[in-house]
Amino acid sequence: MENKLYLSAPHMSGNEQKYIQEAFDLNWIAPLGNNVNEFEKIIADYNSVAGASVVTSGTSAIHLALRLLGVEENDSIICSSLTFVASANPILYQGAKPIFIDSEPDTWNMCPEALRRALKRLNETNELPKAAIIVNLYGQPAKMEELIDICTDYEVSVIEDAAESLGSEYKGQKSGTFGDFGIFSFNGNKIITTSGGGALISNNKEALDKSRFLATQARDNALHYQHSELGYNYRMSNIVAGIGRAQLEILDLRVQQRRNVYKRYYEELSNLPGFYFMPELEGTKSNRWLTALTVDPNEAGVTSLDIIEALGEENIEARPVWKPLHLQPLFEGVPYYPHQENYSVSDKLFKYGLCLPSGSNMEAEDQERVISIIKELVKERN
Ligand SMILES: *Cc1c(COP(=O)(O)O)cnc(C)c1O
C-alpha cells in the first residue's frame, strides 16, 4: 500500500531546529524566553497589528478573548455555524449562550443579512450579545466590512477566528486583524504549525498584557503566590515558539503553494458537471488552506461521500465540510438564524461539501492520483 496522503500534513522549513537549539543552548527550555518574544513580535509585524500573545492553542486564544471582553455566565455570543467546534466551545467554557448564524453562498462564511436579522430581533428583546465570533472558513475571509458595520451598529465586539486563514487578505488587509481580537491556530493540520499552539492578536496592547497574565495563572504581583482572579495555564513554551519562528518565515511561500494546489484541482475538475469550487470573493485573497467544493449528485452522478470512499480505498484522506454547529448534538436547542427564513446555506454545504488533500508538501504526482481517481469514478457512474 502506498503511503497515506493526508488532508493537510505538517510541512517543516528546515530552520525549526536552529531556534530549538538556541533555546537549548541558553537553557531557555521552560516556559517563556526569547523564542516566545520573537515569535510574538513577528506575528504582530506580519499582520501589522500592535501585538500578539502566543498560547497553547487556537481554542485557548478564543477563550482568552472572551475573558478579555468580560463575557460571563448567561451572556449571549454570536458565532458562525459552519465551523470547527473549537470556535464555539469557549463560549460554553464561560457558561455563556451561543447563537449560531448561517453562511452566505459567496464566501461560505457568516451571512450579513442573517446577522442583521438576529441582532435586530435580539435588540428588541433586550438580549444583545456581548460579542460575535466570525470565522474565515478554509482560508476564505468573510464579508468583514459588512459584518463589522452591523456589529458596530449594535455595539457588539468582534473576535475574528482566523485559525484557518493566516496569511489571507481582505482588501489588502491581513485576515484576523478586523475585530477587537483575532486568533490563529498552529495545530498540526493548519497552514503552518508548531505541533500545537495558537495566538491572540490585537491593537489593544493593554488587553494583550492582561491575556499574558490570565494565561499564566493570573498571578498577582507578590512574592508569595497570590491570586485574585481565575487564570489558566495557556502560555506557549519557548521550545514550541522556536518552531513557530521558522514556520512563519515561510508562510507566504506556503500560501502560494496551497493556492497552486487549489489551482490544479480547479483546472482539472471544475469542468465536471455538478462540481462547484468554493469561491474567492472579489477583493480577497484566500490562503486556500483546504481546497473545498460541493458536488451536486444530481448533476455529477456521484456524491461527495462516494468520492471520499473511493479516495479512502487508495489511502487518501478527504473529508466532508464541517458539520454545522446548529446540527451538532452538543448544541441542541441553540438559536439559529439561517440565510433566509426558510433556507439554510450551511446545511446544503454540509450535505454536498468535500475537502480534498491540500498539503503544501503534496507531490504533483500525488495530486494527479487524487484527480484521476475522481475522474475515473465520475466516468464509471455516468
Ligand atoms: C483549528 C481551529 C480552531 C482551534 O485551533 P486549535 O489550535 O486546534 O485549538 C478554531 N477554529 C477553527 C475554525 C479551526 O479550524
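Each value, and the rule that gives it
- Residues numbered from 1 in each chain as written.
- Predicted model: local features only at pLDDT ≥ 70, side-chain atom pairs only at ≥ 80, totals over all residues.
- Heavy atoms only, no water.
- Buried < 20%, exposed > 50% of the residue type's maximum accessible area, 1.4 Å probe, protein only.
- Helix = DSSP H or I, 4+ residues; strand = E, 2+ residues; numbered from the N terminus.
- Pairing = 2+ DSSP bridges.
- Contact = heavy atoms within 4.5 Å.
- Axes fitted to C-alpha atoms, helices over the stretch in contact; angles between N-to-C directions.
- Core = buried A, V, L, I, M, F, W, Y, C linked by side-chain atoms within 4.5 Å.
- Domains from an automatic or database assignment.
- Salt bridge = Lys/Arg side-chain N within 4 Å of Asp/Glu carboxyl O.
- Parallel < 35°, antiparallel > 145°, perpendicular 65-115°, else oblique.
- Left-handed = near helix turned anticlockwise from the far one by under 90°.
- Near = heavy atom within 4 Å.
- Polar contact = N/O pair within 3.5 Å; in protein donor to acceptor, adjacent residues only side chain to side chain.
- Nonpolar A, V, L, I, M, F, W, Y, C, P; charged D, E, K, R; others polar.
- Arc of directions from axis to C-beta.
- Buried area = accessible area lost by both parts, 1.4 Å probe.

**So, the pairing of strand 14 (residues 353–356)**
What you see with strand 14 is no split at all: Gly353 and Cys355 on one side and Leu354 and Leu356 on the other are buried throughout. Examined bridge by bridge, strand 12 (residues 291–295) and strand 14 share four bridges and lie antiparallel to one another. Each residue of the ladder has a partner; that of Ala292, found in strand 14, is Cys355.

**Overview of the sheet that holds strand 1 (residues 51–55)**
Pairing within the open sheet is mixed, and its eight strands lie in the order 1-9-8-5-4-2-3-13. Looking along the sheet, the strands with just one partner apiece sit at the ends: strand 1 and strand 13 (336–337). For strand 2 (residues 76–80) and strand 4 (residues 131–135), the ladder comprises three bridges, and the chain directions are parallel. Bridging from a neighbouring strand, Cys79 pairs with Ile133 of strand 4. Running over the sheet, helix 2 (residues 34–47) touches strand 1, strand 8 (181–185) and strand 9 (198–202) and is turned about 130 degrees from strand 1.

**Quick word on the nonpolar core**
Counting 36 residues, the largest nonpolar core has Ile43, Tyr138 and Phe186 as the members making the most contacts within it. Secondary-structure elements contributing two or more residues to this core are helix 2, strand 1, strand 9, helix 8 (238–249), helix 9 (251–269) and helix 12 (345–352). Considering each element in turn, this core owes the most residues, five residues, to helix 2. Formed jointly, this core draws a minimum of three residues from each of two domains, domain 1 (16–250) and domain 2 (252–381). Among all residues touching Ile43, those that are not within four sequence positions of it are Ala52, Val54, Phe184, Phe186, Ala199, Ile201 and Leu248. Residues Val55, Phe100, Ala131 and Ala207 belong to the second largest nonpolar core, which totals 31 residues.

**Some thoughts on the pattern of salt bridges**
The tally for this structure, following the rule as stated, stands at 22 salt bridges. For Arg67, the salt bridge is made with Glu229, and the minimal N-O distance between the two is 3.1 Å. Of this pair, Arg67 sits in helix 3 (residues 58–68) while Glu229 sits in the loop between helix 7 (205–215) and helix 8, and the two are 162 residues apart along the sequence. Arg67 sits in the buried class, given a relative accessible area of 18%. For Lys210, the salt bridge identified is with Glu229, shortest N-O distance 3.3 Å. Placement of the pair is Lys210 in helix 7 and Glu229 in the loop between helix 7 and helix 8, with a sequence separation of 19 residues. The exposure class assigned to Lys210 is partly exposed, which follows from its relative accessible area of 32%. Judged by relative accessible area, which is 33%, Glu229 ranks as partly exposed. Salt bridges here are not isolated pairs; linked through shared partners, they connect Glu40, Asp209, Arg212 and Arg235.

**Concerning the packing of helix 9 against helix 13 (residues 364–381)**
Axis separation between helix 9 and helix 13 bottoms out at 11 Å; the angle between their running directions is 30 degrees. When the interaxial angle is binned, helix 9 and helix 13 end up roughly parallel. Crossing hand, helix 9 versus helix 13: right-handed. In this structure, helix 9 contributes Val261, Arg264, Tyr265, Glu268 and Leu269 to the contact, and helix 13 contributes Ala364, Gln367, Glu368, Val370, Ile371, Ile374 and Lys375.

**Details of the site of the ligand**
In the vicinity of the ligand there are 15 residues, among which Gly58, Thr59, Glu164, Ser185 and Lys190 approach most closely. Gly58 places a main-chain nitrogen or oxygen 2.8 Å from an oxygen atom of the ligand. Between the ligand and Lys190 there is a distance of 3.3 Å, counted from an oxygen atom to a side-chain nitrogen or oxygen. Taken together, the residues of the shell around the ligand break down into four nonpolar, eight polar and three charged.

**Examining helix 7**
Since the α-helix turns once every 3.6 residues, residues separated by three or four places project in the same direction. Considered for burial, the residues of helix 7 that qualify are Ala207, Leu208, Ser211, Leu214 and Ala215. Buried positions in helix 7, seen along its axis, are confined to an arc of 115 degrees and lie on one side of it. Residues of helix 7 that are exposed and angled more than 90 degrees away from the buried face: Lys205 and Glu206. Of the surrounding secondary structure, the elements contacted by the buried residues of helix 7 are strand 1, helix 3, strand 8 and strand 9. Phi turns positive one or two residues past the end of helix 7, at Gln217, with a value near 70 degrees.

**Things to note about helix 12**
Those residues of helix 12 that fall on the buried side of the exposure criterion are Val345, Ser346, Leu349 and Tyr352. The arc that holds every buried residue of helix 12, seen down its axis, measures 140 degrees, which confines them to one face. Turning to helix 12, the residues buried within the fold contact strand 12, helix 10 (297–300), helix 11 (304–313), strand 13 and strand 14.

**Some remarks on the domain arrangement of the protein**
Along its sequence, the protein is organised into domain 1 (16–250) and domain 2 (252–381). The gap between the C-alpha centroids of domain 1 and domain 2 is 26 Å. Residue-level contacts link 48 residues of domain 1 with 43 residues of domain 2. Taking both sides of the interface into account, the surface hidden between domain 1 and domain 2 amounts to around 4,000 Å²; carbon and sulfur atoms contribute 63%. Where domain 1 packs against domain 2, one counts one salt bridge. Note that Arg121 is salt-bridged to Glu341, the shortest N-O span being 3.2 Å. If you look at where domain 1 meets domain 2, you find 27 residue pairs in polar contact (both at pLDDT 80 or more). In terms of residue count, helix 5 (residues 112–124) provides more of the side of domain 1 that touches domain 2 than any other element does, six residues in total. Broken down by class, the residue content of the side of domain 1 that touches domain 2 amounts to 24 nonpolar, 13 polar and eleven charged.

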